[in-house]
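# Structural description and commentary
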Amino acid sequence: MLFRRRARMLRWLVCGRLGPVWMWKALLLFVAIAFAGQLLGVIFNKSSVQPAARSIFSSPDAQGPSLGSCQPHTHIMFLKTHKTASSTVLNMLYRFGEERDLRFALPLGYQLGYPLPFNAHRVKGYRGPRAMEFHIMGNHMRFNKPEVEKVMPADTFYFSIVRDPVSLAESSFAYYKEVAPAFRKAKGLGDFADDPKKYYDPRLRNNHYARNLLWFDFGMDHNANFSVALAQRGEAMIRRAFNLILVSEYFDQSMILLRHALCWPLDAVVSFSLNARQQKPSGIGGMSGSWVGKAAAVAGVGVRSGHSQVKTPPNLSLTEEQREKLRQWNALDWYLYKAFNKTFWEDINRFGPAQMEQEVALLRMRREDLARVCLRDGGKPVEAHRIRDKNIRPFQSGLVKILGYELQPGLDNTTRTACLRMIRPEIQYKDVLDAKQFPRTLAGPAQPGQQSQVRIARQDSSRTGERLVGGEAGGRTVEEGERDWDGSRLIRSNQTLIRGQEQGRLR
């Protein structure tokens, strides 16, 4: 009796004084929903769905000063001359094309038949004039315009870059000391400069690196005796074929002229120096990892048991008299350099020296900003063996160390991708693009724990001794008995497909 009385009193208090039960239930439900919403909001704000911080590559500074209403050029041919900072320029073309899904006229190996004159069939995937649209061509070749025109559209923008023949000779001697017989015989560059004819034999393979290398790359006879008439004809040919000739010694000014000519954003011509050699040379080091075979093959450097042979650093010191002798020895190149250096400064005067100064300053500021964001240790180049990521170690060719870069840790994905493109070495970058344009097909079902992949190796018919290696980062896989691009039958040797009658030692 007492229990029932207390129960009625409790119901009266709850329903009469504090409101009906349904209202309390609604209130509790509301509180629960609010709490859950707050909790989910905190989790959502911390999740990856939240917009990431804006990448430095999407900032307004990436565009640079306005270029007006022009449209960016996407049909571009760059004659990649040797030892002229051309690897840095090629990196810009690679980046621009990759970001916009353009099609590259890539070589079957790593050079477009060099040092033979270019032939259109050296382009991977080429099926005849106008059968396919190619946007960008820029790998090493010996220029041959009629063949280039078979590959590239009529509205293609042609440009190249030149360098003072003395500076070019210093770099060439260091890089090709073991490749060019004329350099190999000389004790040092000064020794070669004193009497080039003592060491130079025009009949020997790869001696083109030792005389009038620019003239040779532009497709002309580098052993011809100098005359003003001959030099003028060569200059005129280049002027007819090319829209712009840059100058290596004035690289930043060159990039501003190029940017305006191509109507490109500023970031497209901002770069870090690639393939640069260590100024205080020492023995080769760091040629280890999965790239060593390609590195040695392209460079012509001897490799045994996966390790480089340590060489004595080349002597590059020159007297002023020896420098003058090198200019005389490379007289055709010296003529070209003076002619296009003069034209270069005429272009700058038309552009406006004050405006050029301002835009160069912006370019350098932007490079510093990107280096601070992208590169470890403030962007200082490092020796290859110190780079933790083996896939971005530059190839070590010649008798000096080629330097590279390390990425800053902790970058967001967008920034890291853009930074990686800026420092990826030339040959690795070519493989990445090759893999995108020509996806690999598997030769057969993979065994458990193994990749179904066969490596292709063959000796390129160019006289550089370049060895083409596929099956990694862009090589294609084939069955034994299939024929290579030029009809040579591929045979199997230790799980490697090799062209018949070409199993000899790399030369």
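Per-chain numbering applies: the sequence of each chain, read as written, is numbered from 1 onward. Only residues with pLDDT of 70 or above have their local features reported here, since the model is predicted, and side-chain atom pairs are shown and tallied only from 80 upward, although totals for entire chains, interfaces and linings are computed over all residues. Just so you know, side-chain values use all the structure's heavy atoms and leave hydrogens and water out.

Time to look at the overall build of the protein chain. To qualify as a helix, a DSSP run of H or I must reach at least 4 residues; to qualify as a strand, a run of E must reach at least 2; elements of each kind are numbered from the N terminus. A count of helices and strands for the protein chain gives 17 helices and 12 strands. A burial count over the protein chain gives 52% of its 507 residues as buried. Restricting the contact set of the protein chain to residue pairs at least 6 apart, pairs at least 24 apart contribute 73%. Working definition of accessibility: Shrake-Rupley area with a 1.4 Å probe, residue cover restricted to the visible protein chains. Entry remark: accessible area of the protein chain is about 25400 Å², with carbon and sulfur atoms responsible for 53%. Remark: exposure states derive from per-residue accessible area (1.4 Å probe, protein chains only) relative to the maximum for the residue type, with buried under 20%, exposed over 50%, and partly exposed in between. Here a residue-residue contact requires only that any non-hydrogen atoms of the pair lie within 4.5 Å.

Below, the discussion takes up the environment of T88. Tracing the backbone shows T88 in helix 3 (residues 86-99). Classification of T88 as buried rests on a relative accessible area of 4%. Counting along the chain gives 337 residues from T88 to P425, while the straight-line C-alpha distance between them is 9.2 Å. Beyond its immediate chain neighbours, meaning those up to four positions away, T88 contacts F251, S271, F272, S273 and L274.

Disulfide assignment relies on a single distance test, namely cysteine sulfur atoms paired within 2.5 Å. Following the criterion strictly, the structure yields two disulfides and no others. Here C70 pairs with C263 through a disulfide, and the sulfurs are 1.9 Å apart. On the sign convention where negative is left-handed, the bridge of C70 and C263, at about 85 degrees about the S-S bond, is right-handed. On the criterion of sequence distance, the pair formed by C70 in the loop between helix 2 (21-46) and strand 1 (76-79) and C263 in the loop between helix 11 (251-262) and helix 12 (292-299) is long-range, its members being 193 residues apart. Judged by its relative accessible area of 34%, C70 is partly exposed. Exposure remark for C263: the relative accessible area of 7% places this residue in the buried category. The disulfide bridge from C374 ends at C419, spanning 2.0 Å between sulfur atoms. Its S-S torsion of about -65 degrees marks the bond between C374 and C419 as left-handed, since a negative value means left-handed. Of this pair, C374 sits in helix 15 (residues 353-374) while C419 sits in helix 16 (residues 413-423), placing them 45 residues apart in sequence. Per residue, the accessibility class of C374 equals that of C419, and both read buried.

Moving on, we come to the nonpolar core. Counting 110 residues, the largest nonpolar core has M137, V151, F159 and F192 as its most contacted members. No other element matches the eight residues that helix 14 (residues 331-351) contributes to this core. In this view, V151 contacts A105, F118, A120, V123, Y126, F134 and M137; residues no more than four positions away in its chain are not counted. Only buried residues count toward a nonpolar core. Its members are Ala, Val, Leu, Ile, Met, Phe, Trp, Tyr and Cys residues joined through side-chain atoms within 4.5 Å.

To continue, consider helix 15. Within an α-helix, residues lying three or four positions from one another point in the same direction, as the helix has 3.6 residues per turn. Taking 1.5 Å per residue, 22 residues should reach 32 Å; helix 15 reaches 31 Å between its end C-alpha atoms and fits that length. For helix 15, every residue scored as buried is listed here: M356, E359, V360, L363, R366, R367, L370, A371 and C374. Seen along its axis, helix 15 keeps its buried residues to an arc of 135 degrees; they face one direction. Counted as exposed and oriented over 90 degrees from the buried face of helix 15: A354, E357, Q358, E368 and R372. Here, expected helix span is obtained from the residue count minus one, scaled by 1.5 Å. The arc refers to the directions leading from the helix axis to the C-beta atoms.

This paragraph deals with the pattern of salt bridges. Pairing between side chains becomes possible if they bear opposite charge and their charged atoms approach one another. By salt bridge we mean one thing: a side-chain nitrogen of Lys or Arg within 4 Å of a carboxyl oxygen of Asp or Glu. This structure, assessed with the given rule, holds 24 salt bridges. For R421, the salt bridge goes to E98, with nearest N and O atoms at 3.0 Å. In this pair, R421 is assigned in helix 16 and E98 in helix 3, connecting sequence segments 323 residues apart. When its relative accessible area of 16% is taken as the criterion, R421 is described as buried.

The subject of this paragraph is the pairing of strand 3 (residues 157-162). Counting buried positions along strand 3 yields six of six residues, so the element is predominantly enclosed. Residues F157, F159 and I161 line one face of strand 3 and the alternating positions Y158, S160 and V162 line the opposite face, and both faces are buried. By the convention used here, strands pair only if DSSP detects at least 2 bridges between them. Here strand 1 runs beside strand 3; their pairing, made up of four bridges, is parallel. Of the residues in strand 3, the one forming a bridge with M77 is Y158. Pairing of strand 3 with strand 4 (residues 244-247) involves four bridges; the strand directions are parallel. From the neighbouring strand, I161 faces strand 4, where its bridge partner is L246.

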